[in-house]
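In case you want the letters, here they are:
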Amino acid sequence: MGQPELDPAILLFSPEGADRPHQAYETLRSQCPVHRSDFAGSPSVYVSRFEDVMWALRHPEVFSSSAEALDMGADQPLIPLQVDPPEHTQYRRLLNPEFVPREIAKLEPDVRTLVNGLLDGFAGDGQCDFHEDFATPLPSTVFLALMGMSQDDLPTFLRWRDQQIRPDVEPGDFEGAAAIRARTSHEITEYFEALIAEKRQNPDDRLMTRIINASIDGRHLDREELLGICHLLLLGGLDTVTATLDCMISWLAEHPIERQKIVDDPGLVPTAVEELLRHQTPVMIVPRILKQDVTVSGVDLRAGDFATVVLGAANTDSDEFADATSVDLARDPNKHVAFGAGNHLCLGAHLARLELRVALEEFHRRIPDYRIADGVELHFSPGIRQADHLPLVWDV
């Protein structure tokens with residue numbers, strides 16, 4: 001089956017694609033909903049329609065999330081992200097009880113206190129860099145407290161996060177990016193080996209200690225398993241909520257009529273969170289590798305193909321969502337895939353929802369009318385749409 005002469009990677013990972021992704025999504029869905037090409041001897045696949053994306057996410061035996069799909073430079077897979085069933089199921093059974101709504105709800109008072117403490121630092125100033133002053137410290141501080149890790153180490157953690165997810169190399173320098181990731185993973189491993197030893201000597205009641213003492217079928221987790229879990233929790237806990245807050249607040253800053261709806265009715269915030277997750281889709285794509293030959297929407301794919309599952313395109317597919325490219329803050333139901341789907345549904349989704357809901361509630365209670373500073377052009381990183389900066393101003 002012939003393919004249009006276009007490169008999905010350029011569409012998605014160019015600066016324009018990260019800053020304004022909806023046109024790229026539409027082009028993919030309309031011209032090549034399943035695209036397979038052979039670049040430099042590495043066959044790559046892009047899947048963009050909602051129906052096909054859901055199929056891929058629900059069939060990990062075909063579209064595998066194993067470490068082969070994305071090399072993060074670690075000596076062990078990131079657990080449970082980079083392991084598939086049946087091993088994946090064991091790890092999720094171990095970790096899920098820590099992240100169920102009942103347990104996450106217990107964190108709300110502390111999260112609300114933290115949010116207001118951050119707001120105290122700039123609400124009276126009439127300006128802030130939302131990315132630096134709010135979106136970055138909020139989830140990072142919550143995560144470190146949850147894990148029982150030192151807040152003093154946050155600058156190091158943020159450096160590691162960026163080196164792993166957004167290595168500072170020239171576009172196309174895959175070897176340079178791999179070298180940075182490998183070096184960073186080694187530093188992360190050394191840190192967590194020391195922390196695990198310290199927690200064994202001085203246990204507390206936080207998540208890190210509970211993971212160390214947990215067991216699967218009567219056996220404790222080994223070194224590689226503990227490091228894989230810690231490495232993943234570090235990246236997830238410090239990055240995706242920051243990116244999501246950047247996307248949500250930048251959109252609301254540019255759409256004051258819609259923003260006023262949640263100012264007037266804070267009860268709208270939970271559905272607004274879901275709709276902005278869908279429309280903005282901070283995690284634009286997830287990587288997979290084909291484990292079996294398969295035909296998807298008439299395109300033959302082969303075992304060994306690297307696949308990019310385009311969550312953002314699925315979330316704006318008009319075959320699934322009415323007025324898909326418009327925002328309806330009261331949209332219900334809203335079966336988006338911003339957190340993935342199937343076995344690999346985001347482990348921290350309920351924690352993320354709590355942080356996002358409380359953040360929007362309290363920010364708009366205290367700073368209801370804000371805008372992006374004059375003359376500022378916002379730019380986002382591709383893959384995971386995090387703003388490089390987000391200066392806001394308001395009247396005081």
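To start, this report covers the structure provided alongside it. (Residues numbered from 1 in each chain as written. Predicted model: local features only at pLDDT ≥ 70, side-chain atom pairs only at ≥ 80, totals over all residues. Heavy atoms only, no water.)

Moving on, we come to the pattern of salt bridges. Once their charged atoms are close, side chains differing in charge can pair, the charge on each being opposite to the other. All told, the structure shown has 29 salt bridges when counted by the stated rule. In this structure, E361 and R112 form a salt bridge, with 2.9 Å as the shortest nitrogen-oxygen distance. With a gap of 249 residues between them, E361 in helix 17 (residues 349-366) and R112 in helix 7 (residues 108-120) connect regions that are remote in the sequence. In this structure R112 comes out as partly exposed when scored by relative accessible area, which is 22%. Across the salt bridge formed by D239 and R166, the nearest N and O atoms sit 2.8 Å from each other. Residue D239 is found in helix 13 (residues 223-254), and its partner R166 is found in the loop between helix 10 (154-165) and helix 11 (174-201); the two are separated by 73 residues along the sequence. It is possible to trace a salt-bridge network through shared partners that takes in E108, R112, R357, E361, E362 and R365. (Salt bridge = Lys/Arg side-chain N within 4 Å of Asp/Glu carboxyl O. Helix = DSSP H or I, 4+ residues; strand = E, 2+ residues; numbered from the N terminus. Buried < 20%, exposed > 50% of the residue type's maximum accessible area, 1.4 Å probe, protein only.)

Spatially, the 3 strands line up as an open sheet ordered 4-12-11, and their pairing is antiparallel. Across the chains shown, the open sheet's two edge strands, defined by having one partner strand only, are strand 4 (127-129) and strand 11 (371-372). With 2 bridges connecting them, strand 11 and strand 12 (residues 391-393) associate as antiparallel partners. Among the inter-strand pairings, R371 is bridged to a residue of strand 12, identified as V393. (Pairing = 2+ DSSP bridges.)

Further remarks concern the packing of aromatic side chains. Tallied over the entire structure, the rule returns 12 aromatic pairs. Look at W55 and F63: their rings are 6.3 Å apart centre to centre, the planes differ by 80°, and that puts the pair in the edge-to-face class. Judged by relative accessible area, W55 falls into the partly exposed class, the value being 34%. Each ring, one from F130 and one from F134, has its centre 5.2 Å from the other, and the planes form 25°; the classification is stacked. Taken as a pair, F130 and F134 lie in helix 8 (residues 130-135) at a separation of 4 residues, close to a single helical turn. Each member of the pair, F130 together with F134, is buried. Following the ring pairs from residue to residue traces out a cluster consisting of F122, F130, F134, F363, Y370 and W394. Seen from the ring of F380, R385 lies directly overhead, with NZ or CZ sitting 4.6 Å from the centre. (Phe/Tyr/Trp six-rings, centres within 6.5 Å; stacked < 30°, edge-to-face > 60°. Lys NZ or Arg CZ within 6 Å of the ring centre and 35° of its normal.)

Another point: the state of the cysteines. Any covalent bond linking the sulfur atoms of two cysteines counts as a disulfide. For the structure on display, the rule yields 0 disulfides. Cysteine C247 shares no disulfide, and the gap to the nearest cysteine sulfur, in C346, comes to 15 Å. On the basis of relative accessibility, which here comes to 31%, the residue C346 falls in the partly exposed class. (Disulfide = S-S within 2.5 Å.)

Two numbers describe a pair of packed helices, the interaxial angle and the distance between the axes. With their axes 10 Å apart at the nearest point, helix 13 and helix 15 (residues 269-280) run at an angle of 95° to one another. One finds that helix 13 runs roughly perpendicular with respect to helix 15. Across the interface between the two elements, T244, C247, M248, W251 and L252 from helix 13 touch V273, L276, L277, H279 and Q280 from helix 15. Each residue belonging to the contact of helix 13 with helix 15 can be placed in one class, and the counts come to 7 nonpolar, 3 polar and no charged. (Axes fitted to C-alpha atoms, helices over the stretch in contact; angles between N-to-C directions. Parallel < 35°, antiparallel > 145°, perpendicular 65-115°, else oblique. Contact = heavy atoms within 4.5 Å. Nonpolar A, V, L, I, M, F, W, Y, C, P; charged D, E, K, R; others polar.)

The omega angle of the peptide bond from I79 to P80 is 5°, so this bond is cis rather than trans. P86 follows P85 through a cis peptide bond whose omega is 10°. Note on placement: P86 falls in the loop between strand 3 (63-64) and helix 5 (87-95). Here the phi dihedral of D217 falls at roughly 50°; this positive angle occurs in a residue that is not glycine. Within the secondary structure, D217 sits in the loop between strand 5 (215-216) and strand 6 (219-220). One non-glycine residue with positive phi stands out, namely D323, at about 50°. Along the chain, the position of D323 falls in the loop between helix 16 (311-315) and helix 17.

Let us now look at the packing of helix 13 against helix 14 (residues 256-264). One can describe the packing of helix 13 onto helix 14 by two numbers: an axis separation of 5 Å at closest approach and a directional angle of 110°. One finds that helix 13 runs roughly perpendicular with respect to helix 14. Facing W251, L252, A253 and E254 of helix 13, the residues of helix 14 in contact are P256, E258, R259 and I262. Here the residues of the contact of helix 13 with helix 14 are counted per class, giving 5 nonpolar, no polar and 3 charged.

Bringing the pairing of strand 2 (residues 42-47) into the picture now. Counting buried residues along strand 2, 5 of its 6 residues qualify, which places the element largely inside the surrounding structure. Summarising the sheet, strand 2 and strand 10 (residues 306-310) pair through 4 bridges and their orientation is parallel. Residue pairing across strands places Y46 opposite T308, the latter belonging to strand 10.

Moving on: the side chain of T136. Along the chain, T136 turns up in the loop between helix 8 and helix 9 (137-147). Non-local contacts of T136, meaning those with residues more than four positions away in its chain, are made with H131, L158, R161 and T242.

The tendency in soluble globular proteins is for nonpolar side chains to be buried as a group. Grouped together as the largest cluster of nonpolar side chains are 85 residues, with contacts concentrated most on F130, F134, F192, F363 and L392. Take this core: its biggest share by element is 15 residues, from helix 13. Every residue in contact with F192, bar those within four places of it in the chain, is listed here: M149, M208, L227, C230, H231 and L234. If you look at the next biggest cluster of nonpolar residues, it comprises 27 residues, including V34, V47, F50 and A56. (Core = buried A, V, L, I, M, F, W, Y, C linked by side-chain atoms within 4.5 Å.)

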